[in-house]
Amino acid sequence: MIPALGHFALALALAIALAQAVVGLFGPMLRDRLVLRAAPALAIGQFLMLASAFAALVWAGVVSDFTVRNVAEFSSSTTPLFYRITGTWGNHDGSMLLWCLILALCGATVGVFGNNIPSSLRSRVLGVLGLVSGGFLLFTIAVSDPFRRIWPPPLHGAGVNPILQDPGLAVHPPILYTGYVGFSIAFAFAVAALIEGRVDAAWGRWVRPWTLVSWVFLTCGICFGSLWSYYTLGWGGFWFWDPVENVALLPWLTGTALIHSAIVVEKREALKTWSVLLAIATFSLSLCGTFLVRSGLLNSVHAFAASPNQGLFILVLLAITIGGSLLLFAIRAPVLTATGMFAPVSREGALILNNVFLCIIAAVVFTGTMYPPFVDLAFGLQLSVGAPFYDQAVLPLTAPLILAMAVGPLLPWKRATLGPALVKLWYGAVAALIVFGYLMFKGHFIAALGLAGATWVIIGAFIDLAERVRLFRVPLGQSLARLATIPRASIGAAFGHLGFGIVVLGIAGMTLRVHTVTVLHPGQSVDLGGFNWKLESIVPASGPNYTARLATIKVSRHGKLVMMMHPERRFFTAEKVKTVAAAIQTNGVRNMFATFAGEDNSGGGEFRFNIHPFAPEIWIGGFIMALGGVLSLSDRRFRVGAPARAKARKPAGSATV
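Since this is a predicted model, take the numbers as computed values, not measurements. (Residues numbered from 1 in each chain as written. Predicted model: local features only at pLDDT ≥ 70, side-chain atom pairs only at ≥ 80, totals over all residues. Heavy atoms only, no water.)

Q: How do you make sense of the overall build of the protein chain when you look at a structure like this?
A: The helix and strand tally for the protein chain stands at 19 helices and 10 strands. In terms of overall size, the protein chain behaves like a compact globule, its C-alpha atoms giving a radius of gyration of 27 Å where 657 residues would be expected to give roughly 26 Å. On the principal axes, the C-alpha backbone points of the protein chain span a range of 85 × 75 × 55 Å. Here the protein chain, with 657 residues, has 54% of them falling under the buried criterion. Residue pairs at least 24 apart in sequence account for 73% of intrachain contacts in the protein chain once pairs closer than 6 positions are excluded. A total of about 28,100 Å² of accessible surface is found on the protein chain, and carbon and sulfur atoms cover 68% of it. (Helix = DSSP H or I, 4+ residues; strand = E, 2+ residues; numbered from the N terminus. Rg over C-alpha atoms; globule rule 2.2 N^0.38 Å. Buried < 20%, exposed > 50% of the residue type's maximum accessible area, 1.4 Å probe, protein only. Contact = heavy atoms within 4.5 Å. Areas by Shrake-Rupley, 256 points an atom, 1.4 Å probe, with all protein chains shown as cover.)

Q: Honestly, the packing of helix α8 (residues 201-232) against helix α9 (residues 243-268) in this entry has me stumped. Any pointers?
A: Relative to each other, α8 and α9 sit at 155°, their axes nearing to 9 Å. Relative to α9, the element α8 is oriented roughly antiparallel. Of the two elements, α8 crosses α9, and the hand of that crossing is left-handed. Contacts between α8 and α9 involve Ala201, Trp203, Gly204, Arg205, Arg208, Thr211, Leu212, Trp215, Leu218, Thr219 and Ile222 from the former and Ala248, Leu249, Pro251, Trp252, Gly255, Thr256, Leu258, Ile259, Ala262, Ile263, Val265 and Glu266 from the latter. Its residues placed into classes, the contact of α8 with α9 shows 15 nonpolar, 5 polar and 3 charged. (Axes fitted to C-alpha atoms, helices over the stretch in contact; angles between N-to-C directions. Parallel < 35°, antiparallel > 145°, perpendicular 65-115°, else oblique. Left-handed = near helix turned anticlockwise from the far one by under 90°. Nonpolar A, V, L, I, M, F, W, Y, C, P; charged D, E, K, R; others polar.)

Q: Looking at this structure, I do not really get the environment of Pro400. What am I missing?
A: Along the chain, Pro400 falls in helix α13 (residues 387-407). Distance in space between the C-alpha atoms of Pro400 and Phe357 is 8.1 Å, their sequence separation being 43 residues.

Q: Hey, could you run me through the nonpolar core in this one?
A: As a rule of thumb, nonpolar side chains are buried together in soluble globular proteins. Counting residues in hydrophobic clusters, the biggest one holds 138 residues, and the most contacted among them are Leu50, Tyr180, Phe189, Trp203 and Val276. No other element matches the 16 residues that helix α7 (residues 167-196) contributes to this core. When neighbours within four sequence positions are excluded, Val276 is seen to be in contact with Ala190, Leu194, Val199, Trp203, Phe329 and Leu336. Counting residues in hydrophobic clusters, the runner-up holds 19 residues, among them Leu520, Met563, Phe596 and Phe607. (Core = buried A, V, L, I, M, F, W, Y, C linked by side-chain atoms within 4.5 Å.)

Q: Help me understand the packing of aromatic side chains in this model?
A: In this description, a pair of aromatic rings is defined by centroid distance and the angle of the planes. Applying the stated rule across the entire model yields 19 aromatic pairs. Ring geometry for Trp99 against Tyr177: centres 6.1 Å apart, planes inclined by 70°, an arrangement best described as edge-to-face. Of this pair, Trp99 sits in helix α5 (residues 92-113) while Tyr177 sits in helix α7, and the two are 78 residues apart along the sequence. Overall, Tyr177 belongs to the buried group, its relative accessible area being 7%. (Phe/Tyr/Trp six-rings, centres within 6.5 Å; stacked < 30°, edge-to-face > 60°.)

Q: Any chance you could explain a nonpolar patch on the surface here in plain terms?
A: A cluster of nonpolar residues, Met1, Ile2, Leu5, Trp59 and Val63, forms a patch on the protein surface that exposes about 520 Å² of accessible area. With respect to the helices, strands and loops of the structure, Met1 is situated in the segment before α1 (2-26). (Patch = residues over 30% accessible without salt bridge, like charges linked within 9 Å, V, L, I, M, F, W, Y side chains within 5 Å. Salt bridge = Lys/Arg side-chain N within 4 Å of Asp/Glu carboxyl O.)

Q: Where do I start with the sheet that holds strand β9 (residues 590-599) in this structure?
A: Working definition: the strands of a sheet are paired by backbone hydrogen bonds and lie parallel or antiparallel to each other. Strand order in this open sheet of 4 strands is β1-β10-β9-β8, and the pairing throughout is antiparallel. Strands with a single pairing partner mark the edges of an open sheet, and in this sheet they are β1 (514-520) and β8 (583-586). Going from strand to strand, the sheet's axes swing by 15° on average, the running direction of each strand aside. Note: β8 against β9, 4 bridges, orientation antiparallel. Looking at β9, one finds that Ala583 is bridged to Ala594. (Pairing = 2+ DSSP bridges.)

Q: I would appreciate a short explanation of the state of the cysteines in the present structure.
A: By definition, a disulfide links two cysteine residues through a covalent bond between their sulfur atoms. Considering all chains together, one arrives at 0 disulfides under this definition. Summary of cysteine pairing: Cys220 is not part of a disulfide, and the nearest cysteine sulfur, belonging to Cys223, is at 6.4 Å. We classify Cys220 as buried; its relative accessible area is 16%. (Disulfide = S-S within 2.5 Å.)

Q: Even after reading the chapter, I still don't get the packing of α1 against helix α6 (residues 119-143), so can you show me in this structure?
A: Any two packed helices are characterised by the angle at which their axes cross and by the distance between the axes. Closest axis-to-axis distance for the α1/α6 pair is 7 Å, and the angle between their directions is 150°. Between α1 and α6, the crossing angle belongs to the class labelled roughly antiparallel. The handedness of the crossing between α1 and α6 is left-handed. Here the contact of α1 with α6 is built from residues that sort into 16 nonpolar, 8 polar and 1 charged.

Q: What should I look at first to understand the pairing of strand β10 (residues 605-613) in this one?
A: Along a regular strand, successive side chains alternate from one face of the sheet to the other. With respect to burial, β10 is a largely interior element, 7 of its 9 residues being buried. As defined by bridge partners, β1 adjoins β10 across 7 bridges and the pair is classed as antiparallel. Within β10, the position partnered with Val514 by the bridge is Ile611. Pairing between β9 and β10: 9 bridges, direction antiparallel. Paired with Glu599 across the bridge in β10 is Gly605. Linking β9 to β10, which pair antiparallel, is a turn of 5 residues; within it Gly603 sits at a positive phi near 95°.

Q: I keep staring at the environment of Ser120 and nothing clicks. Help me out?
A: Here Ser120 lies in helix α6. Considering only alpha carbons, one finds Ser120 and Arg37, 83 residues apart in sequence, at a separation of 9.7 Å. Setting aside residues up to four positions removed in sequence, Ser120 forms contacts with Pro28, Leu36 and Glu196. A distance of 3.1 Å separates polar atoms of two side chains, one belonging to Ser120 and the other to Glu196. (Polar contact = N/O pair within 3.5 Å; in protein donor to acceptor, adjacent residues only side chain to side chain.)

Q: Is there a simple way to think about unusual backbone geometry in this case?
A: Most peptide bonds take the trans form, and the phi angle of most residues other than glycine is negative. In this model, Trp151 is joined to Pro152 through a cis peptide bond whose omega is 0°. Secondary-structure assignment places Pro152 in the loop between α6 and α7. Backbone geometry at Trp241 places phi at a positive 55°, although glycine is not the residue there. In this fold, Trp241 is placed in the loop between α8 and α9. Note on Trp241: relative accessible area 14%, which makes it buried. The backbone of Leu271 shows a phi angle near 60°, a positive value even though the residue is not glycine.

Below, the structure is given as structure tokens:
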């Protein structure tokens, strides 16, 4: 009964989405207040219907209703309750319903919190969102129905993929999808602006918070995915340059560029055309990722199995959405003339430089990701593009970006000179040179570059804040008082740069890792990185739906116990799958990593031991970046319209501060 109601709610959501598209796009032509108010109401209604449908699917998983094929194939009666719930979105059909739900949430959010946006613009934004949502709902109902029924139902169900039975991966897809789909709002603003033929400072002010929200979620989603890969897959790495990892990185890169370019639109009413194109490109890359993951083109452990019909349907949606928006851009972009002027050496110029390098890096990653499937489709050749290509291609582009990150915030708007900014950064330059020289002396060239760059960015972020509060130039009390008056967006930007520097610190530190693979019997040991790793025992253990072999590793240094580690090998009885559970101990600046890889008949086991310097900083820095976005979002200026620059250019319907 409940799955049937969910299916009905899904169909009703499709009807509402199509009505939202029609009313939102064509309603402003009628100049009727009641019609303009209908689009937000329809957006809220669509969200309520999809929330009901999603709740029905979750309920089917909780009660193990195996007449629903989605539940029968991706859950079981022995699966713990938490993973019966999260298994709802751990498959193709369920994940598409989640995608539609988040897309509807974006529309409802604009409908509820977009009161400071002119009515006609908000209506068109909701119309674009309704059109996109309608396409994906049609796909879900036609070829990816999560409520499809089977009879007779199986007795127990196939179960959840064991590697997905982890809290980190349970929260990773919803957060990542929110980041992906959230960029639809910036996309809708871009298309609506093209329809109206107007992009101004107010547009930049409206787009930035919605883009920031998506960017924060996407940053957290990537961090959770990387962390899960690190401790669950047992290989001790945080990024494999897997194609599906790459398609998550691409909208993050262009979304970061969009955040910075929107600042220039707001401050100088320049880069209008470029910002609109970035908004279209960012959501288009999110859609491309959806297609690639579900089409079967990519060979990845992350990819969903999909039928040809599903891949073809998404390809058609992709062509209509991206092709239509780019055609509209080609027709309407000439009317988006820039009115602001600034010198190449200025803060605006630094933001443009940021955009250039981020987009070039995105182009390199996109090329490396798409080249193998293109060659396979065109010539039938099986190729792979691995980490060496990305490392060698991306590193030279990241270096100048890192150099510019510390300088840009210290440059004045409109016109500047480099000398004063570089003088303020001499502390960072000296510290970076010391780090570089020390590691070069030790023979670690890549680590020297990375850690020196991280030092430069981190100190630069602190200098940016210190300059704003005039630290050491006025009494400390006055500096603290000035800190309270700094716009939170500026503090958030400093935190974002600080977090990026810490991520670079962690990535560079991982190049100094040491590891060994060895076979040990109880009582035997091996030395690694100044520590002695001794196998104490291998004993049986059990979990809620698996049996395990638990190893106990004693780690000591100079004869003194440092820690005990317990890596496992697990066997999930329902799914008949073996997995590894790595043991990780951290002190915040270094990880000790042990994996129980296999066991022989003589009672010995194969173990992989790793020491990862600065590994925790990879995820600490990522979440600090996200915190910077949250701080920026708390700025009052993001909750009101942009001020008009002059009466003659004041856009109709815009709010003033």
